[in-house]
Amino acid sequence: MLRLLELQDESDSRAACAAAGRPHADPNLRGWVALLPPRPALLHEGLRQSGVPVLRGETGALALGSLSQLWSSARSLADALEDGGARALAADLARRAGHVEAQRPPWRLPRSRLPEGRVLVMAVLNVTPDSFSDGGRYAAADAAVEHGLRLAAEGADLLDVGGESTRPGSEPVSAEEELRRTLPVVRELVRRAGVPVSIDTSKAEVARAAIDAGAEVVNDVSGFQRDPGLGTVVARGGAALCLMHMRGTPQDMQQRAAYGDLLGELHDELLEALRRGLEAGVPEDHIALDPGLGFAKTAEHNLLLLRRLRELTQLGRPLLVGASRKSFLGRLSGKPAAERLTGSIAAATVAALHGASLLRVHDAAATREALAVVDAVRSSFS
Ligand code: HH2
């Protein structure tokens, strides 16, 4: 157990105290804290001596400091401490603080080079009859290709082609059907779009054919949990990979949206997904992670995730976030999926400000326009 938390309000402060097993929940802690294991005391002592206050609890301890303080104290301790376990924890803490400070690590694709220095747009292209917002509109291959080319011309940095709806309660489709829908579109877009193509699938057979047709990314909403053959296909094919967080399947995921500590559990489960990717042989710099808004998450979970997204940057991988047109935005605006552009732009802006590297969206042009402002604000100086 080691994790950085960003305490923004009273409820975050109380939850951090509870996670460390503090007898009294202090409502006033703010900023970054490191949640440490209860032992070794040597690490707590070392941090204290370097000027970082440490509050001990029964099940853990909270080290309070700015990211740069935590980073520099932990880095010195990682060299100085005698105890091997304490040294490893200090090194882990320094690494995590460094990841949050640095933000947006590059995502390496096999052939294309993604633009650096700005938040990227992954455009959604659903070749399905039943997707929640654009089902049936691009079900014919030529309409899908035309739409993909339009999205690329509008400024999409990647095109994510999907042949199976994963909305809550959707029916699964066979690999043959998914291939029939997506493969001609992938082939054509690889040839003509001028931007890398991603295949949104959890099936090894579909991923293999798409990679052979030139897809550079496999976007697996199951986070390598559904098809045991998918890891080998991605590793052997040299593709980049997005591992998304979800629990269960689209059929039962909303019954599994129960968390004691959303950010903590999500952090641990994304870390497990990353380990599955690495164990399959996918190089770390090929892997992006996605918290999976709407997948085994309630509307409140999605909002909390967007607010505290920055904590997930400690995992050291680019974060992809897909909020576009999702039902939690409809609950806020009262509007149907096709009329959720304004809410989608607001959510994309929050995600971009909170550390997302890529946004998966239906509306490429409008999102790029909003991100130009976000990126300009982020990089402004005097
Ligand atoms: N959301 C959807 C599908 N794939 N992949 C990632 N990485 N992240 C997401 O948030 C995500 C995803 C669902 O949206 P959509 O494709 O528009 O709908 P449907 O699944 O109904 O086709």
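Please refer to the structure placed before this passage.
Everything numeric here is computed off the predicted structure, so don't read it as measured data.

How would you sum up the overall build of the protein? Please name residues and give values.
Along the protein, the regular secondary structure elements total 13 helices and 12 strands. In terms of overall dimensions, the protein is globule-like: its C-alpha atoms have a radius of gyration of 21 Å, near the 21 Å expected for 382 residues. With respect to the principal axes defined by its C-alpha atoms, the protein has extents near 65 × 50 × 45 Å. Here the protein holds 382 residues, and the buried ones make up 54% of them. Counting only carbon and sulfur atoms, one obtains 51% of the accessible surface of the protein, whose full area is about 16000 Å².

Give a description of the layout of surface pockets that names residues and reports values.
The space that makes up the largest pocket amounts to roughly 520 Å³. In this structure, the largest pocket is lined by 33 residues; those nearest its centre are Phe-132, Thr-166, Arg-167, Phe-295 and Lys-326. At the level of secondary structure, the elements contributing two or more residues to the lining of the largest pocket comprise strand S5 (120–126), helix H10 (299–307) and helix H11 (327–333). Taken together, 19 residues make up the lining of the second largest pocket; nearest its centre are Pro-105, Pro-106, Trp-107, Pro-115 and Glu-116. Along the lines of polarity and charge, the residues of the lining of the second largest pocket split into nine nonpolar, three polar and seven charged.

An account of the site of the ligand is needed here, citing residue identities and associated values.
Contacts to the ligand come from 19 residues, most closely from Ser-131, Ser-165, Thr-166, Asp-290 and Lys-326. Ser-131 has a polar side-chain atom sitting 2.5 Å from an oxygen atom of the ligand. Here an oxygen atom of the ligand and a side-chain polar atom of His-362 are 2.8 Å apart. Taken by itself the ligand offers 480 Å² of open surface, and the protein chains cover 99% of this. Taken atom by atom, the bulk of the ligand overlaps the largest pocket. Secondary-structure elements contributing two or more residues to the shell around the ligand are S5 and strand S9 (240–244). Broken down by class, the residue content of the shell around the ligand amounts to seven nonpolar, seven polar and five charged.

Go over the environment of Asp-26, please, and point to the residues and values.
Tracing the sequence through the fold places Asp-26 in the loop between helix H1 (10–19) and strand S2 (31–36). On the accessibility criterion, Asp-26 (29% relative accessible area) is partly exposed. Taking the C-alpha atoms as reference points, Asp-26 and Ser-333, separated by 307 residues in sequence, lie 35 Å from one another. Setting aside residues no more than four positions away along its own chain, Asp-26 makes contact with Ser-13, Arg-14 and Cys-17.

Help me get a handle on empty space enclosed by the protein, residues and values and all.
In total, this model carries two cavities of 30 Å³ or more according to the counting rule given. Taken as a whole, the largest cavity encloses approximately 80 Å³ of empty space. Of all the secondary-structure elements, those providing two or more residues to the lining of the largest cavity are helix H12 (341–353) and strand S12 (358–361). Looking at the lining of the largest cavity, the element that brings in the most residues is H12, giving four residues.

Conventions we followed
Residues numbered from 1 in each chain as written. Predicted model: local features only at pLDDT ≥ 70, side-chain atom pairs only at ≥ 80, totals over all residues. Heavy atoms only, no water. Helix = DSSP H or I, 4+ residues; strand = E, 2+ residues; numbered from the N terminus. Rg over C-alpha atoms; globule rule 2.2 N^0.38 Å. Buried < 20%, exposed > 50% of the residue type's maximum accessible area, 1.4 Å probe, protein only. Areas by Shrake-Rupley, 256 points an atom, 1.4 Å probe, with all protein chains shown as cover. 1 Å grid on protein atoms, 1.4 Å probe; cavity = no way out; pocket = protein on both sides within 12 Å on 5 of 7 lines; lining within 4 Å. Points joined across faces, edges and corners; volume = space filled by probe spheres on them. Nonpolar A, V, L, I, M, F, W, Y, C, P; charged D, E, K, R; others polar. Near = heavy atom within 4 Å. Polar contact = N/O pair within 3.5 Å; in protein donor to acceptor, adjacent residues only side chain to side chain. Sits in = over half its atoms within 2 Å of the grid points. Contact = heavy atoms within 4.5 Å.

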